[in-house]
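Structural overview for review
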Amino acid sequence: MTPVREACEVLGYRRAGAYHALTLVAPGIAEAARPGQFVELLAGEDRSFLLRRPFSIHRVERAGAALGAVEVVFDVVGPGTRALALLRPHDLVDALGPLGRPFTPPPAPVRCLLVGGGYGTAALFFLAEELRARRCRVDFAVGAATAGRLFDAMGAKRLGHTLTVTTDDGSAGQRGLVTDPLPALLARLGTGQVYACGPMPMLAAVSQVAAEHGVPCQVAVEELMACGTGVCFSCVVPVTDPEAPDAPARMARSCLEGPVFDGTAVAWAELVAP
Amino acid sequence: MTVDLTVDLCGVRLRSPVLAASGCFGFGRELAGWLDLAQVGAVVTKSVSLEPRRGRPTPRMAETPSGMLNAIGLQNPGVEAFCATDLPFLAGAGASVVASLVGRSAAEFGRLAARLAGEDAVHLLELNLSCPNVEHRGEVFAADPATAAEVVRTVKAAAGQPVLAKLTADVTDLVAVARAVVDAGADGLTLINTLLGMAVDVRRRRPRLAAVTGGLSGPAIRPVAVRCVWQVATALPGVPIVGTGGVATAEDAAELLLVGATAVAVGTASFVNPRAVVEVTTGLERYLIAQGVGSVAELPALFKAER
């Protein structure tokens, strides 16, 4: 599917806890988007920060009575995201998308555990809707540093059959990391497929726990990216070839071969300090 | 009014003077869904080495005001994979191809040139003598006139295509390096590569790039590129120059063409707009019409050096 470039009108802006959510009129992107894919956004007149910003797609409204739209969720971390957080309805955003390789649904309906860290949870809502449409039972495990940094736990509760919450400081749910309850959850729920989105150390830990339990796991990585189209080679992730597990890891562009990878394919040891 | 955008670059006829710069356009295939590669003046490929290179660890990129630092580390699949998969694709798409070469010694550059000498799909060679993202400063061949000249001489003895030497502005006397490589047989020059830079994450008190330093590109470096093209074109009239550095619009391209470039290459702008190369090309056509200039090749002669 060839991505498109669209001049998108902002349909809505809302605060989502500690995060920001922007809905864009993007009929071409909305039509083609699949869960796990992302868009590259450029907004405002100030070109002193010249690069686009990549965001996972949180939700999609397919064209119906109105034009198709996509929603993204982000944290303000610098001048680029600050400019996006200042956008209001009718402002214009230049968008490329949908980009990247999406999550692959299970071949037959199985119980799926969706593990989200911080605003990484946002990308899993779109996936949860698709999985439910495919008659998969969806469970959520979401974590963050504090209660305020969780993304829409109520939304996850609505979409999921069960919801497990953890925070580093214990201000909501269980105190600890989102990976702490995973072994018990996988055993109790009879999970057949794990999907995860969040910080790299979390993805490494989720992949390891899933592998130990023999459950397939797909992760959506977040790596610094300049282009999103495969030409800058910034967003690489070391991956091993399943045919040659002992060969040195190959640097795969997460914008083309990812952002969704098989958890067992990523050479986590190269990315995350033990 | 119709304008003539074709240029002669070192004896090779190109349909437009707007090239896709090395390292910013992959191997052409990545952006083939966004534009017609046959409309690109030429695709300058990502630099190719004898053996595959894995590149640097991440983070490889840091955005800076009006620019960005990169430390990719010359990741590429190696010349054999390039010949087996990338060249046939580019030829099939009707692209003019400038193969960018990188080696760790003059001998390696020579072997690369010899390997590509019989490849009809390659129209020119560009020697990346100036990538700042190498393990040793000694691999920045363009830092020294004699070292740069030795690489060019070795390549010219083996090459089947005209040779562009890509130089760096990170030297005290760029004209001396340019003169040395032209005397050694370079058919043309590409000016400039990224400038060596560094950025610090002050909150975490460490470099923003895993490789510590990286190459600065984007509009931030355009005035340096314009100065370098003007300096070298003035000192070495008649030597074809591909001007590159922060070109994002037709006006940016015109700046470099006016001060003496034969062609320009669009780099970082392709990261933001995958169609940047063709949009700069059509914009340049409009600029020539507005200026009443019939051919892009006339631009350098129309430049008034006195303010």
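What you see is a predicted model, and the numbers here were worked out from it, not measured in a lab.

**Details of the overall build of chain A**
Summing up its helical and strand segments, chain A has seven helices and 15 strands in all. Looking at chain A residue by residue over its 274 residues, the buried ones come to 52%. Sequence-distant contacts, at least 24 apart, represent 66% of the contacts inside chain A between residues at least 6 apart.

**Concerning the overall build of chain B**
Helix and strand counts for chain B stand at nine helices and 16 strands. Counting only C-alpha atoms and orienting by the principal axes, one finds that chain B spans roughly 55 × 50 × 40 Å. Looking at chain B as a whole, 57% of its 307 residues qualify as buried. By sequence separation, contacts in chain B at least 24 residues apart represent 73% of the contacts at least 6 residues apart.

**Considering the sheet that holds strand β12 (residues 217–220) of chain A**
All names here are of chain A. The sheet built from seven strands is open, its strands ordered β10-β9-β8-β7-β11-β12-β15 with mixed pairing. The sheet is open, and its two edges are formed by β10 (174–175) and β15 (260–262), each paired on a single side. Looking at chain direction, strand β9 (residues 162–167) and β10 are connected through two bridges and run parallel. If you follow T167 over to β10, its bridge partner there is R175. Sheet strands touched by helix α3 (residues 121–133): β7 (112–117), β8 (138–144), β11 (193–197) and β12. Its angle to β7, the strand with the most contacts, is close to 165°.

**Regarding the sheet that holds strand β5 (residues 69–74) of chain A**
Residue and element names in this part refer to chain A. Strand order in the closed barrel made by the six strands is β1-β2-β5-β4-β3-β6, with antiparallel pairing throughout. When strand polarity is set aside, the average angle formed by the axes of neighbouring strands in this sheet is 45°. Sheet topology note: the strand β4 (residues 53–61)/β5 ladder contains four bridges and is antiparallel. Bridge pairing in β5 links R59 to E71. Sitting on the sheet, α3 touches β4 and β5, and the angle it makes with β4 is about 35°.

**Some details on the pairing of β8 of chain A**
Residues and elements named next belong to chain A. Across the seven residues that make up β8, a large majority, seven, are buried. Of the two faces of β8, both are covered, the one formed by V138, F140, V142 and A144 as well as the one formed by D139, A141 and G143. Each parallel crossover has a hand, and the one from β7 via α3 to β8 is right-handed. Judged from the six bridges that link them, β8 and β9 form a sheet pairing that is parallel.

**Examining the pairing of strand β1 (residues 4–16) of chain A**
Residues and elements named next belong to chain A. In terms of strand pairing, β1 meets strand β6 (residues 92–99) through six bridges, oriented antiparallel. Paired with A7 across the bridge in β6 is D94. Bridge analysis of β1 against strand β2 (residues 19–25) gives six bridges, and the strand direction is antiparallel. Bridge pairing links R15 to H20 in β2. Turn length for the β1-β2 hairpin, with the two strands adjacent in sequence and antiparallel, is two residues, and the turn residue G17 shows positive phi of about 65°.

**So, the nonpolar core**
Core analysis: the biggest nonpolar cluster contains 199 residues, and V206 of chain A together with L19 and V229 of chain B have the highest contact counts within it. Broken down by element, this core gets its largest block of residues, eight residues, from α3 of chain A. Looking at which domains feed residues into this core, each of domain 1 (4–99) and domain 2 (112–271) of chain A supplies at least three. When residues no more than four places from it in sequence are discounted, the contact partners of V206 of chain A are V115, T179, L182, V194, A196, C217, V219 and G263 of chain A.

**Some details on the interface of chain A and chain B**
Opposite the 19 residues of chain A that make contact, chain B presents 25 residues. Taken together, the residues of the side of chain A that touches chain B break down into twelve nonpolar, five polar and two charged.

**Examining the environment of E30 of chain B**
Tracing the chain through its elements places E30 of chain B in the loop between β3 (18–20) and β4 (43–44). Sequence-wise, E30 of chain B and D120 of chain B are 90 residues apart; in three dimensions their C-alpha atoms are separated by 22 Å. Aside from chain neighbours lying at most four places away, what touches E30 of chain B is T229, G230 and V231 of chain A.

**Focus: the domain arrangement of chain A**
Residues and elements named next belong to chain A. Per the domain assignment, the segments of chain A are domain 1 (4–99) and domain 2 (112–271). Here domain 1 and domain 2 have C-alpha centroids that lie 22 Å from each other. Listed per partner, the contact involves 21 residues of domain 1 and 20 residues of domain 2. Elements that contribute at least two residues to the side of domain 1 that touches domain 2 include exactly β3 (38–43), β4, β5 and β6. Among the elements that make up the side of domain 1 that touches domain 2, the one with the highest residue count is β4 (six residues). Taken together, the residues that form the side of domain 1 that touches domain 2 break down as 13 nonpolar, four polar and four charged.

**Here we look at the packing of helix α2 (residues 106–116) of chain B against helix α3 (residues 145–158) of chain B**
Each pair of packed helices can be summarised by the angle the axes make with each other and by the distance between the axes. Residues and elements named next belong to chain B. Following both chains from N to C, one finds α2 and α3 inclined at 25°, their axes separated by 8 Å at the closest point. When the interaxial angle is binned, α2 and α3 end up roughly parallel. Taken as a pair, α2 and α3 cross one another with a handedness that is right-handed. Seen from α2, the contacting residues are A106, A107, F109, G110, A113 and A114; seen from α3, they are E150, V151, T154, V155, A157 and A158. Per-class residue counts for the contact of α2 with α3 are nine nonpolar, two polar and one charged.

**A word on the environment of G41 of chain B**
All names here are of chain B. Within the fold, G41 resides in the loop between β3 and β4. A C-alpha to C-alpha distance of 7.5 Å links G41 and A20, two positions 21 residues apart in sequence. With residues up to four places along the chain from it excluded, the contact list for G41 reads L14, R15, S16, P17, V18, L19, S96 and A263.

**Quick notes on the confidence of the model for chain B**
On average, residues of chain B score 96 in pLDDT, and 100% of them reach the 70 mark or higher. Reported confidences for the modelled complex are a pTM of 0.96 and an ipTM of 0.95.

Calculation criteria
Residues numbered from 1 in each chain as written. Chains lettered and ligands numbered in written order. Predicted model: local features only at pLDDT ≥ 70, side-chain atom pairs only at ≥ 80, totals over all residues. Helix = DSSP H or I, 4+ residues; strand = E, 2+ residues; numbered from the N terminus. Buried ≥ 20, exposed ≤ 12 C-beta atoms within 10 Å, placed from the backbone. Contact = placed C-beta atoms within 7 Å. Pairing = 2+ DSSP bridges. Axes fitted to C-alpha atoms, helices over the stretch in contact; angles between N-to-C directions. Right-handed = clockwise from strand over helix to strand, strands pointing away. Core = buried A, V, L, I, M, F, W, Y, C linked by C-beta atoms within 7 Å. Domains from an automatic or database assignment. Nonpolar A, V, L, I, M, F, W, Y, C, P; charged D, E, K, R; others polar. Parallel < 35°, antiparallel > 145°, perpendicular 65-115°, else oblique. Left-handed = near helix turned anticlockwise from the far one by under 90°. pLDDT = per-residue confidence, 0-100.

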